[in-house]
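Given next are the chains, with one letter for each unit.
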Amino acid sequence: MLYFSRWKALAIVGIAVLVCLCAVPNFFPASTVAKWPEWAQRRMVLGLDLQGGSHLLLEVDAKDVKQQKLDQVRDDVRRILRDAKIGYTGLAIRGDTVEVRIREGSDAQAAYSKLRELAVPLGGGLGGQRSLEVNDAGNGLIRLTVTPEAMTERLRQVVEQAVPIIEKRVNALGLVEPTIQREGADRILVQVPGLGDPEALLRVLGKTAKMEFRLVDTSNSAEDAVSGGRVPPDDDLLYEANRTGQKTPILVQKQVMVSGSDLTDAQATFDQRTGEPVVSFKFNSNGARRFAQVTQENVGRPFAIVLDNDVISAPVIREPIMGGQGQISGNFTVESANELAILLRAGALPAKLTPIEQRVVGPGLGQDSIEKGKLASYAGAALVVIFMFATYGLFGLFANIAVAVNVAMIFGVLSLLNATLTLPGIAGIVLTVGIAVDSNVLIYERIREEVRSGRSAISAIDAGFSRALATILDSNITTFIAAAVLFFIGTGPVRGFAVTLGIGIATSLFTAFTLTRLIVATWVQWQRPKVVPI
Amino acid sequence: MRLLRIVPDDTKFDFMRFRRISFPVSAALSILAIVLYFTHGLNFGIDFEGGTLIEVQAKSGQANLQTMRSTLGTLGLGEVQLQQFGGPSDVLIRIAQQPGGEAAQQAAVEKVRGALGSDVEYRRIEVVGPRVSGELLYKGILGLFAAIAAILVYLWFRFEWQFALGAMIANVHDLVLTLGFMSVTQIDFDLTSIAALLTILGYSLNDTVVIYDRIREMLRRYKRLSMPDLLNISINATLSRSIVTHVTVAMSLLALLLFGGPAIHSFTATMMFGVVLVGTYTSVFIASPILIYLGVGTGRTEHVETPAPAEESPEPPKPSRASPAKARP
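Residues numbered from 1 in each chain as written. Chains lettered and ligands numbered in written order. Predicted model: local features only at pLDDT ≥ 70, side-chain atom pairs only at ≥ 80, totals over all residues.

Caption draft 1: Representation of the environment of Arg203 of chain A within the structure. All names here are of chain A. By secondary structure assignment, the location of Arg203 is in helix H7 (residues 198-205). Residue class for Arg203 comes out partly exposed when judged on the 15 C-beta atoms lying within 10 Å of it. Along the primary structure Arg203 and Ser336 are separated by 133 residues, whereas in three dimensions their C-alpha atoms are 9.6 Å apart. (Helix = DSSP H or I, 4+ residues; strand = E, 2+ residues; numbered from the N terminus. Buried ≥ 20, exposed ≤ 12 C-beta atoms within 10 Å, placed from the backbone.)

Laid out in structure tokens, this is it:
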């Protein structure tokens, strides 16, 4: 137990020093480290609770997605039956299904086989799951149901499409190092360190940003539609909010003239005449052609710029707009104009996203937490070091060296893994000091016992190590299991605690099995003690 | 240099005698904890109940709780709790879950921001919607059970099943008492509390395993020792270690409690109770004596001719033989 070959001893010290060295980049400012070679740049990341920032969990609105899907099926049915010249009545969405009644009984079979073509196989055609279930309910009634599998698939697609759009939006806000990742089937986690205005993030990510240019229906009165409750079938009743938040009803045609997907650029600028903040935009060639055509045909009529079913503004077309460029003025502030420009540049989300969890920590609190964590660590370490020295003397000193190496190694491993350090994580490190000490205590107490049972000094030390190590292994594995479970169920700061606790157990096992033993063995060879000084 | 010895060498405390006291006491305390859990309940934080938490710091340096309470009371947000947090300038505002789904929670934050204006610095805002809070609670409970199960399986492989069962009973006892503590003190029960519970689980087991390890060693070494004596020797042999280790852990925790700030206060307080107070007591007074009742070393008497193969066959070979374990119901 107390003999180490030279190479083994070198390897142990080498590994310990190497792992400790990995912590070095954390002590230099980020700008300095950036100049180092890439392999030397790994460092710990401060968690959002320490450096401040926003954690936002967004969920795809499944209802919205389902509605879109059903609308699409209804439109497909209409198109197919029209193309096939099959008469129908009562095409409508009922719950999860689209229903249609074929007028002539003789057409029912043909309609059924035509509509069955809508049900395409999911996932490359194997497995047999289809996107739709088409049923002939008799009497010419055909039901098309969206299958749960198709919904799951669609949700997956929506999340996939949404991530890059969210990335664009977050980056456009000028935020550094955001992380955007999928969570489960229908969620997206956005984490942004050190954000000054978390509400802006929420505003920018909470909007679908579906932009449409539609004509205003001037032949009917919006007030009548509000009071009478009857909206003309080709119109939508939308509202325009003015600066004070007052809402004016406007009847807008359902038909979309040009949509936001044809935009190539949008910028927040100032109107040259009034000096008001506006958003200028540019269409692609397709959009420009459509926009020119529409404005040419409708000079003198108002058109509405609609964002997520709210009218931003409804200006009158004074002259045809030919160049594919224009500007939106809609009671903007500089901030809101900028946000709209960001939304338009990044494009619309495929479905509505709802924030279901938000955690924001201000930079002041983060700094406080770092300082408190440091203070607690120093105080805890000081208490433990003094106590160990008082209890075990020279061997206590050995234990303190092992504990110090331990903490340095934890920082090294955390840096290697680019792990996140949170406040509970710091608590984990402080507790690890306790665990590391325990390994030494177990060994030393065992040595004391062996001495009492009459062994010679060297033999007692040897036996103490070999008997205690089995116990250390057993007891640490149980704690490690708890840490592992915590890692898998935990989120954010709690996970940070699990990480440091787990790593701490691993490093304290390493030091107990190698470093402490090596130190004691070296001391034994050097001093050849007759009595054990503990 | 004279070294500090908290525990003198070769103690010979008769810990086993206390099982007649410790078992009823623990049973009573556990029942009390369970009753408390049902009468007082746990003070669920927003992680598990949903709602909004806002930590503000008055820029003037002195927060006026009275005015803030009346300002926020007029917003129609239902129950709003205000609480001094750390220094005199810091206030923690807790708003209950708003009816009307996920978007309504965000609206509540907007209202509070509007009402408090720029007199305060917003240090922390947490909004947890109803769906997430339900999932977090489910995951937390699942995690606790998964950890207990995983540790049980490990102990079962490393020791005999009686040890695994004994450790688990001791553990559940720890967790129940800690939950009782949390319900008496009404400490916020949130995600970090689950972390605290899991750590208590790990630590208390750590302690139990150290003693069990020694018991197993003794079982192999002394074939003729009666079970209570053997347990007493094992506990006494590891006593010094138990004390020294717990003093160091308590020191670490004390540092966190005093200097770690209010954010981890409930976490460290729970740990202090669970690890230092309950964990130590449990491994000595519950986990070890329970082995007698679980039938470890049954069939041992002082004058057995052939040593009973205690660790190879945990089942009592002759149950009719009176042993200390059977002497009690």
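Caption draft 2: Highlighting the domain arrangement of chain A. If you check the domain split of chain A, you get domain 1 (6-51 + 362-527), domain 2 (62-152) and domain 3 (158-358). The gap between the C-alpha centroids of domain 1 of chain A and domain 2 of chain A is 64 Å. (Domains from an automatic or database assignment.)

Caption draft 3: Spatial organisation of the sheet that holds strand E17 (residues 325-328) of chain A. Residues and elements named next belong to chain A. Strands sit in the order E13-E14-E17 across an open sheet of 3 strands; the sheet is antiparallel. A single partner strand is all that each edge strand has here, and the edge strands are strand E13 (263-270) and E17. Adjacent strand axes in the sheet meet at a mean angle of 25°, parallel and antiparallel pairs treated alike. Bridging between strand E14 (residues 277-283) and E17 involves 4 bridges; their strand directions are antiparallel. When the sheet's bridge partners are listed, Ser280 is paired in E17 with Gln327. With respect to the sheet, helix H10 (residues 334-346) is in contact with E13 and E14, its orientation differing from that of E13 by roughly 170°. (Pairing = 2+ DSSP bridges. Axes fitted to C-alpha atoms, helices over the stretch in contact; angles between N-to-C directions. Contact = placed C-beta atoms within 7 Å.)

Caption draft 4: Representation of the sheet that holds strand E2 (residues 53-60) of chain A. Reading across the sheet, the 8 strands line up as E7(A)-E8(A)-E2(A)-E18(A)-E5(B)-E2(B)-E4(B)-E3(B) and stay open at both edges, with antiparallel pairing between neighbours. Each edge of the open sheet carries a strand with a single partner, namely strand E7 (179-183) of chain A together with strand E3 (80-84) of chain B. The average angle at which neighbouring strand axes cross in this sheet is 20°, direction not considered. The pairing of E2 of chain A with strand E8 (residues 187-193) of chain A spans 7 bridges and is classified as antiparallel. Each bridged residue has a counterpart across the sheet, and for Ser54 of chain A the counterpart in E8 of chain A is Val192 of chain A.

Caption draft 5: Representation of the environment of Ala304 of chain A. Residues and elements named next belong to chain A. Relative to the helices and strands, Ala304 resides in strand E15 (residues 303-307). C-alpha separation for the pair Ala304 and Ala463, spaced 159 residues apart in sequence, amounts to 87 Å. In contact with Ala304, other than residues within four places in its own chain, are Arg214, Val216, Ile250, Val252, Val311 and Ala314.

Caption draft 6: Focus on the pairing of E15 of chain A. Residue and element names in this part refer to chain A. For E15, the tally of buried residues reaches 5 of 5 residues, placing the bulk of the element in the interior. Both faces of E15 are covered, namely the face carrying Phe303, Ile305 and Leu307 and the face carrying Ala304 and Val306. Pairing analysis gives 5 bridges linking strand E9 (residues 211-215) to E15, with the strands arranged antiparallel. Each bridged residue has a counterpart across the sheet, and for Leu215 the counterpart in E15 is Phe303.

Caption draft 7: Representation of the pairing of E9 of chain A. All names here are of chain A. Within E9, 4 of the 5 residues are buried, leaving the element largely enclosed by the surrounding structure. The sheet contact formed by E9 and strand E12 (residues 258-259) spans 2 bridges and is antiparallel. Each bridged residue has a counterpart across the sheet, and for Glu212 the counterpart in E12 is Ser259.

Caption draft 8: Structural detail: unusual backbone geometry. Residues and elements named next belong to chain A. Phi angles above zero are rare outside glycine, and Asn418 is one such case at about 50°. With respect to the helices, strands and loops of the structure, Asn418 is situated in the loop between helix H12 (394-416) and strand E19 (420-421). Residue Asn418 is classed as exposed on the basis of its C-beta count, with 11 C-beta atoms lying within 10 Å. Here the phi dihedral of Arg528 falls at roughly 45°; this positive angle occurs in a residue that is not glycine. Residue placement: Arg528 occurs in the segment after helix H15 (492-527).

Caption draft 9: Region of interest: the interface of chain A and chain B. If you look at the interface, chain A gives 60 residues, while chain B gives 61 residues. Contributing elements (two or more residues each) for the side of chain A that touches chain B: H7, strand E18 (353-361), helix H11 (363-392), helix H13 (423-452), helix H14 (457-489) and H15 of chain A. By residue number, the principal contributor to the side of chain A that touches chain B is H11 of chain A, which donates 16 residues. By residue class, the composition of the side of chain A that touches chain B is 36 nonpolar, 15 polar and 9 charged. As judged from the 5 bridges shared by E18 of chain A and strand E5 (residues 120-128) of chain B, these two strands associate in the antiparallel manner. Each bridged residue has a counterpart across the sheet, and for Arg359 of chain A the counterpart in E5 of chain B is Glu126 of chain B. (Nonpolar A, V, L, I, M, F, W, Y, C, P; charged D, E, K, R; others polar.)

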